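Here are the chains, one letter per residue:
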Amino acid sequence: MKPMVASLVFPRDRFEKKILFPWAVLVVLFFQGPAPAAEYFSLDGYVDAHPKQKQITQAFSNRVRAKGIPLEKGAQKRPVAISFIYPGEQVSDYWRRSILSFKRRMDEIQIKYMIKECFTKPVVDYRIQEKQIRQALSDDPDYLVFTLDINKHRRIIERIITKQRPKLILQNITTPLKTWEGKQPFLYVGFDHERGARMIAEHFMEKTGGQGRYALLYFSQGHVSRMRGDTFIDFLKAHSRLELVSSYYTDGNRARSRQAATEILNEFPGIRFIYACSTDVALGAMDALTANNKSGDILLNGWGGGSSELEAIEAKRMDATVMRMNDDNGVAMAEAVRLDIEGKKKEVPTVFSGSFVLIQKGIPKNELDRHKKWAFRYSGH
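Residues numbered from 1 in each chain as written. Predicted model: local features only at pLDDT ≥ 70, side-chain atom pairs only at ≥ 80, totals over all residues. Heavy atoms only, no water.

A. Representation of the overall build of the chain in the model. Helix and strand counts for the chain stand at 14 helices and 13 strands. Looking at the 381 residues of the chain, the share that counts as buried comes to 58%. For the chain, restricting intrachain contacts to residue pairs at least 6 apart in sequence, the fraction spanning at least 24 positions comes to 78%. Here the chain has roughly 16,300 Å² of accessible surface; of this, 50% comes from carbon and sulfur atoms. (Helix = DSSP H or I, 4+ residues; strand = E, 2+ residues; numbered from the N terminus. Buried < 20%, exposed > 50% of the residue type's maximum accessible area, 1.4 Å probe, protein only. Contact = heavy atoms within 4.5 Å. Areas by Shrake-Rupley, 256 points an atom, 1.4 Å probe, with all protein chains shown as cover.)

B. View of the pattern of salt bridges. Using the criterion set out here, one finds 20 salt bridges in the structure. Lys344 serves as the salt-bridge partner of Glu72, at 2.7 Å between the closest nitrogen and oxygen. In this pair, Glu72 is assigned in the loop between helix 4 (52-65) and strand 2 (80-86) and Lys344 in the loop between helix 13 (328-341) and strand 12 (351-353), connecting sequence segments 272 residues apart. Close ionic contact of Arg97 with Asp93 constitutes a salt bridge, the shortest N to O distance being 2.9 Å. (Salt bridge = Lys/Arg side-chain N within 4 Å of Asp/Glu carboxyl O.)

C. Main features of unusual backbone geometry. Within the chain, Gln110 stands out as a residue other than glycine whose phi angle is a positive 65°. Within the secondary structure layout, Gln110 lies in the loop between helix 5 (94-108) and strand 3 (113-119).

D. Focus on the side chain of Glu342. Summarising the element assignment, Glu342 is placed in the loop between helix 13 and strand 12. Overall, Glu342 belongs to the buried group, its relative accessible area being 12%. Within polar-contact distance, the side chain of Glu342 engages the backbone nitrogen of Glu72 at 3.0 Å. Setting aside chain neighbours within four positions, we find Glu342 in contact with Leu71, Glu72 and Ala75. (Polar contact = N/O pair within 3.5 Å; in protein donor to acceptor, adjacent residues only side chain to side chain.)

E. Here's a closer look at the pairing of strand 7 (residues 211-218). Pairing of strand 7 with strand 8 (residues 241-249), which is carried by eight bridges, proceeds in the parallel orientation. Counterpart to Tyr218 in the pairing with strand 8 is Tyr249. With helix 9 (residues 223-239) bridging strand 7 and its parallel neighbour strand 8, the resulting β-α-β unit is right-handed. (Pairing = 2+ DSSP bridges. Right-handed = clockwise from strand over helix to strand, strands pointing away.)

F. Region of the structure containing the sheet that holds strand 6 (residues 187-190). Read across the sheet, six strands follow the order 3-2-4-5-6-12 without closing on themselves; strand pairing throughout is parallel. Because the sheet does not close on itself, it has two edges, and the strands there are strand 3 and strand 12. Averaged over all pairs of adjacent strands, the angle between their axes in this sheet comes to 15°, without regard to strand direction. Bridge analysis of strand 2 against strand 4 (residues 143-147) gives four bridges, and the strand direction is parallel. For Ile85, the partnering residue across the bridge sits in strand 4 and is Phe146. Contacting strand 2, strand 4, strand 5 (167-171), strand 6 and strand 12, helix 13 crosses the sheet at an angle of about 160° to strand 6. (Axes fitted to C-alpha atoms, helices over the stretch in contact; angles between N-to-C directions.)

G. Structural view of the packing of helix 4 against helix 13. Axis separation between helix 4 and helix 13 bottoms out at 9 Å; the angle between their running directions is 115°. In terms of orientation, helix 4 lies roughly perpendicular with respect to helix 13. The element helix 4 and its partner helix 13 pack so that their crossing is right-handed. Every residue of helix 13 that contacts helix 4 at Phe60, Arg63 and Val64 is listed here: Asp328, Val331, Ala332, Glu335, Ala336, Arg338 and Leu339. Split by residue class, the contact of helix 4 with helix 13 holds six nonpolar, no polar and four charged. (Parallel < 35°, antiparallel > 145°, perpendicular 65-115°, else oblique. Left-handed = near helix turned anticlockwise from the far one by under 90°. Nonpolar A, V, L, I, M, F, W, Y, C, P; charged D, E, K, R; others polar.)

Just geometry here; none of it tells us what the structure is for.
Have a look at this one:
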């Protein structure tokens, strides 16, 4: 059976027509479709193409894992200004923990800073985010941090990179663009979506014996969905006999994800599992499984391992998640700023990806607590 790909909110033809207003180029950075896969380096592919990055990345990773050391005396002449533009209004606590861990690591290493934070809902608040980007640029910060679903309209970001002010930290993307070679952003930082997707795929293959049918709930039509969703599909095609029968774009909305999962359960009651591409999507699917008395019969994953997912796993309402060692992200950004202030920019890797742990239902409490202690070492348990 050919899998069905449905969009509960913005079919592509309607969606693109909605982005017609001044400064739209800033907005499509977040919301149009992804660039072709050939335009990206994979995380491993980038290191292979730039061998010197391997040693730089290893040294930087050691720095992220170690206790913070105070900034060199006299290195900082004035507080650094940093603007954050985050889609943080969602159940996932990834974004909130990232900025909290960043601040606490900056305090630990004794860097003086001024921060402006802008939080919105993911995907849908494009007009608000457009204004926030314009405001951030007008404030002339030293660093600008935001997330990015890459697409063909990149003139604004390329203009910023060319000017090298503000310095760009692109969060939640670890796949550098090939077309930006020689002028990459200051730092790509996050947790590699492809690696996480493969870990969950291997888990479901083990649970199902590699046979049966499944459904998939995407985030939005963009880079994250392709890296987490399409990577997952391709991996299962290559390594199992599992068959995708249905998939939906949900825009990361819990209610829409519940609606999509309900439709899937009605049409394909015998599926083995539902693969969810984000926390809010997973929780929506969990709501549908609970309402239809399917919890435990149909497997479901989380994505990221934040507090809400871990609680669902402990309550046995979710089968597994790939847990980010969340605070690696904020610590990495703080250490990159620190090296830059100290005049050691060459020691900042182009890409930093934090580590994952697969968490399954039934994990011993002491083991889960150990992972929480490290993952949330700055942002709190």
